[in-house]
Amino acid sequence: MDADDVAEDLYRLPPVQFTAARNAQVVEAKRAGDAAAARRIAAFHKPTLAAWVSNLLARQKEEAGQLLELAQALREAHRTLDPEQFRTLSHQQHAVIAGLARQAGGLARQAGQPVSPSVLHEVEQILRAVLADPEVSEQWAVGRLTKVPAVSTDFPGTSPLAQVSKKDAEPEEPTPAPAREKAPDAAEEKRRARLKDAMKAATEAAAEASRRDDDVLRAEEEHEQATARRSAADERVALLTDRLGEAEEERRTAAEAADEAAVRVRDAAREQKAAQRKAASTSRAVERLSGGDSGR
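About the thresholds
- Residues numbered from 1 in each chain as written.
- Predicted model: local features only at pLDDT ≥ 70, side-chain atom pairs only at ≥ 80, totals over all residues.
- Heavy atoms only, no water.
- Helix = DSSP H or I, 4+ residues; strand = E, 2+ residues; numbered from the N terminus.
- Buried < 20%, exposed > 50% of the residue type's maximum accessible area, 1.4 Å probe, protein only.
- Areas by Shrake-Rupley, 256 points an atom, 1.4 Å probe, with all protein chains shown as cover.
- Axes fitted to C-alpha atoms, helices over the stretch in contact; angles between N-to-C directions.
- Parallel < 35°, antiparallel > 145°, perpendicular 65-115°, else oblique.
- Left-handed = near helix turned anticlockwise from the far one by under 90°.
- Contact = heavy atoms within 4.5 Å.
- Nonpolar A, V, L, I, M, F, W, Y, C, P; charged D, E, K, R; others polar.
- Arc of directions from axis to C-beta.
- Polar contact = N/O pair within 3.5 Å; in protein donor to acceptor, adjacent residues only side chain to side chain.
- Salt bridge = Lys/Arg side-chain N within 4 Å of Asp/Glu carboxyl O.
- Core = buried A, V, L, I, M, F, W, Y, C linked by side-chain atoms within 4.5 Å.

Draft legend 1. Expanded view of the overall build of the chain. Helices and strands together make up the secondary structure of the chain, namely ten helices and zero strands. Every one of the 296 residues in the chain was classed for burial, and the buried ones make up 28%. By element, 53% of the accessible surface of the chain is carried by carbon and sulfur atoms, the whole surface being about 19,500 Å².

So this is what it looks like as structure tokens:
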């Protein structure tokens, strides 16, 4: 038994189903004689609801790839960005995270597990940690986070104590830099351009995710309304079906009564004809007898 394959299946399940499914897989592994796999599977931790929702987003390859690319670009560039530019990028970063969190909420609804705003807030915390921490980023990328990471969601080196002013960093007697030392500036410009491109792509993806989320909400509302109409129609059909059944029963009963009455009509008609023939015969006999008496 492949424990990784089992993990892939388990971490797709809603948290309420996780423990029972994991324990069943442990039993299955033991039954198959694979003690090592049984131990690995038993060690899998149940994810919190927020972690499970973030794992759903991690399995959306396009959105996950853009976030991971953005994370890498931010971690490469944050130490060399000027404060104003970093504040601008930070604002865009918040917009991206909010949009992706909304999309994750939509994925949870589609999976039959709507989540509250507080859970989505925790999802945002996870996504910030993904941007800031390479280790969290790797864990999230495979879709197996089990809880909100207990790490700072700020980029290292961005706190006031960590900032070093140019005056403190410069030597007292700076010497002119040779022309060949300008190469790092070009590399930095490339990093900034790559970061801006990644931020733009992520922002556009977040906006598209928000639009898709709105489409999902509208579709869900239409589905609920259509389901309600179908339920009402089903009730009417059931009622009319019952009435039709009753009418058909009445029809059968009336048909049987009509058939019986028809038989009685035929019998009565035969008896009537027999009586008429008998009356006619009797009348003729009386006439004959009457004629015979007058002749004497």
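The discussion continues.
Draft legend 2. Quick look at the packing of helix α7 (residues 117-132) against helix α8 (residues 134-141). For the pair α7 and α8, the least separation of the axes is 6 Å and the interaxial angle reads 120°. Judged by the angle between their axes, α7 and α8 are oblique. Our pair here, α7 against α8, has a crossing hand that is left-handed. Two secondary-structure elements touch here, α7 through Ile126, Leu127, Ala129, Val130 and Ala132 and α8 through Pro134, Val136, Ser137 and Trp140. Across the contact of α7 with α8, the residue classes tally to eight nonpolar, one polar and no charged.

Draft legend 3. Just helix α1 (residues 3-10), in detail. Residues of α1 that are buried include every one of Ala3, Val6, Ala7 and Leu10, and no others. Down the axis of α1, the buried side of the element spans an arc of 100°, and every buried residue falls inside it. Buried residues along α1 sit against α2 (15-31) and α3 (35-42). Between a side-chain oxygen at the N-terminus of α1 and the backbone nitrogen of Asp4 the separation is 2.9 Å; the capping residue is Asp2.

Draft legend 4. Structural view of the pattern of salt bridges. Summed over all chains, the structure comprises eight salt bridges. We note a salt bridge from Arg144 to Asp4, for which the minimum N-O separation is 3.6 Å. Of this pair, Arg144 sits in the loop between α8 and α9 (166-169) while Asp4 sits in helix α1; the two residues are 140 residues apart in sequence, bridging distant segments of the chain. The shortest N-O distance in the salt bridge between Arg12 and Glu8 comes to 3.0 Å. For Arg12, a relative accessible area of 45% translates into the label partly exposed.

Draft legend 5. Summary view of the nonpolar core. Among the nonpolar cores identified, the biggest contains 30 residues, and Val53, Leu57, Leu67, Val123, Leu127, Leu131 and Trp140 are the most heavily contacted of them. The set of elements that each furnish at least two residues to this core consists of α4 (49-58), α5 (61-77), α6 (83-110), α7 and α8. Leaving out residues up to four positions away in the same chain, Val53 has contacts with Ala104, Gly105, Ala108, Val115, Val119 and Val123. Leu10, Tyr11, Val26 and Ile41 belong to the second largest nonpolar core, which has twelve residues in total.

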